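# Understanding the architecture of this molecule
Listed below, chain by chain, are the residues.
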Amino acid sequence: MTGWVDGREVVQVLLVEDDPGDVLMTREAFADHGVADRLFVVPDGVAALEFLRKEGDHAGAPTPDLVLLDLNLPRMGGREVLAAVKGDPALARIPVVVLTTSDADDDVVASYALHANAYVTKPVDFDRFIEVVRKIDDFFVSVVRLPPR
C-alpha cells in the first residue's frame, strides 16, 4: 500500500486493457468515486508481465496491490497472463480480477482454474460499468485486507 488519504488506504492498481474506451471509463469510475488509488494502464499481456516483473520500460514500476485483467488482449491473452502471474511465486500473491466482456462459461471456469481472485463481466451500459468498477475498488480497498508488499 502507498499510504492513507482521508482515512482510506491508497492502493496501486494495474489495469491491463487494450480498449481505449474501457480505459477511459475505468479512469472516470475511479475519479468520480473520489478514489485516490493510483491507476496504471498497459495495453497488452506482454506489457503487463513487463510491468509486473519491472522489465524494460517498466523497470521503475511499482508492485501493484491489485490487477484488473481483460481476457481479450493483443500479443498475449489474459489467460496466459493470469497463468504466468499465478505461476510466479514473486507475483502470485497479487489479487487478479478478470474484468472482461466475455460471459462464456469456459472463460469463467478457466480463469478460476488459473486462480483468478474474481471474474467480472463488463457491463455495456456506461453507468453500470462505472458502478461495477467502484464496487471492485470498494471491495478490495474497504473490505478485503490485501497482502503487504
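Just above, that's the structure.
The rules we used
- Residues numbered from 1 in each chain as written.
- Predicted model: local features only at pLDDT ≥ 70, side-chain atom pairs only at ≥ 80, totals over all residues.
- Heavy atoms only, no water.
- 1 Å grid on protein atoms, 1.4 Å probe; cavity = no way out; pocket = protein on both sides within 12 Å on 5 of 7 lines; lining within 4 Å.
- Points joined across faces, edges and corners; volume = space filled by probe spheres on them.
- Helix = DSSP H or I, 4+ residues; strand = E, 2+ residues; numbered from the N terminus.
- Nonpolar A, V, L, I, M, F, W, Y, C, P; charged D, E, K, R; others polar.
- Pairing = 2+ DSSP bridges.
- Axes fitted to C-alpha atoms, helices over the stretch in contact; angles between N-to-C directions.
- Contact = heavy atoms within 4.5 Å.
- Core = buried A, V, L, I, M, F, W, Y, C linked by side-chain atoms within 4.5 Å.
- Buried < 20%, exposed > 50% of the residue type's maximum accessible area, 1.4 Å probe, protein only.
- Salt bridge = Lys/Arg side-chain N within 4 Å of Asp/Glu carboxyl O.
- Phe/Tyr/Trp six-rings, centres within 6.5 Å; stacked < 30°, edge-to-face > 60°.

Moving on, we get to empty space enclosed by the protein. Evaluated as defined, the whole model comprises 1 cavity of 30 Å³ or more. Taken as a whole, the largest cavity holds about 30 Å³ of empty space. Secondary-structure elements contributing two or more residues to the lining of the largest cavity are β5 (66-69) and α3 (78-86). Top element by residues in the lining of the largest cavity is α3. It accounts for 3 residues. Its residues assigned to classes, the lining of the largest cavity comprises 7 nonpolar, no polar and no charged.

Read across the open sheet, the 5 strands follow the order β4-β3-β5-β6-β7; overall the sheet is parallel. Of all strands in the sheet, those bounded by a partner on one side alone are β4 (38-42) and β7 (118-121). Ignoring strand direction, the axes of neighbouring strands in this sheet form an average angle of 20°. Seen against the sheet, helix α5 (residues 126-143) touches β5, β6 (96-100) and β7 and runs at an angle of roughly 175° to β6.

By size, the foremost hydrophobic cluster in this structure holds 24 residues, and its most contacted members are L14, V16, V42, L52, V67, L69 and V85. Of all elements in the fold, only β3 (12-16), β4, α2 (45-53), β5, α3 and β6 reach the threshold of two or more residues within this core. Here the element with the most residues in this core is α2; it accounts for 5 residues. Beyond its immediate sequence surroundings of up to four residues, L14 is in contact with F40, V41, V42, A48, F51, L52, P64, L66, V67 and L68. Listed in part, the 22 residues of the second largest apolar core include L39, L68, I130 and V133.

Pairs may arise between side chains of opposite charge once their charged atoms sit close together. The tally for this structure, following the rule as stated, stands at 8 salt bridges. The residue K122 makes a salt bridge to D70 at a minimum N-O spacing of 3.8 Å. Of this pair, K122 sits in the loop between β7 and α5 while D70 sits in the loop between β5 and α3, and the two are 52 residues apart along the sequence. A relative accessible area of 7% means that K122 is categorised as buried. Since its relative accessible area comes to 4%, D70 is described here as buried. Where R128 meets E131, a salt bridge forms, and the shortest distance between an N and an O atom there is 3.4 Å. With R128 and E131 both in helix α5 and 3 residues apart, this pair spans about one turn of that helix. For R128, a relative accessible area of 40% corresponds to the partly exposed category. According to the relative accessible area criterion, E131 is partly exposed, its value standing at 33%.

What characterises a pair of aromatic rings is the spacing of the ring centres plus the angle enclosed by the ring planes. Taken as a whole, this structure holds 1 aromatic pair when the rule is applied. Ring geometry for F40 and F51: centres 5.6 Å apart, planes at 50°, overall tilted. Taken as a pair, F40 in strand β4 and F51 in helix α2 lie far apart in primary sequence, 11 residues in all. Take F40 and F51: they sit in the same class, and that class is buried.

So, to be careful, I would describe these as geometric facts and stop short of saying anything about function.
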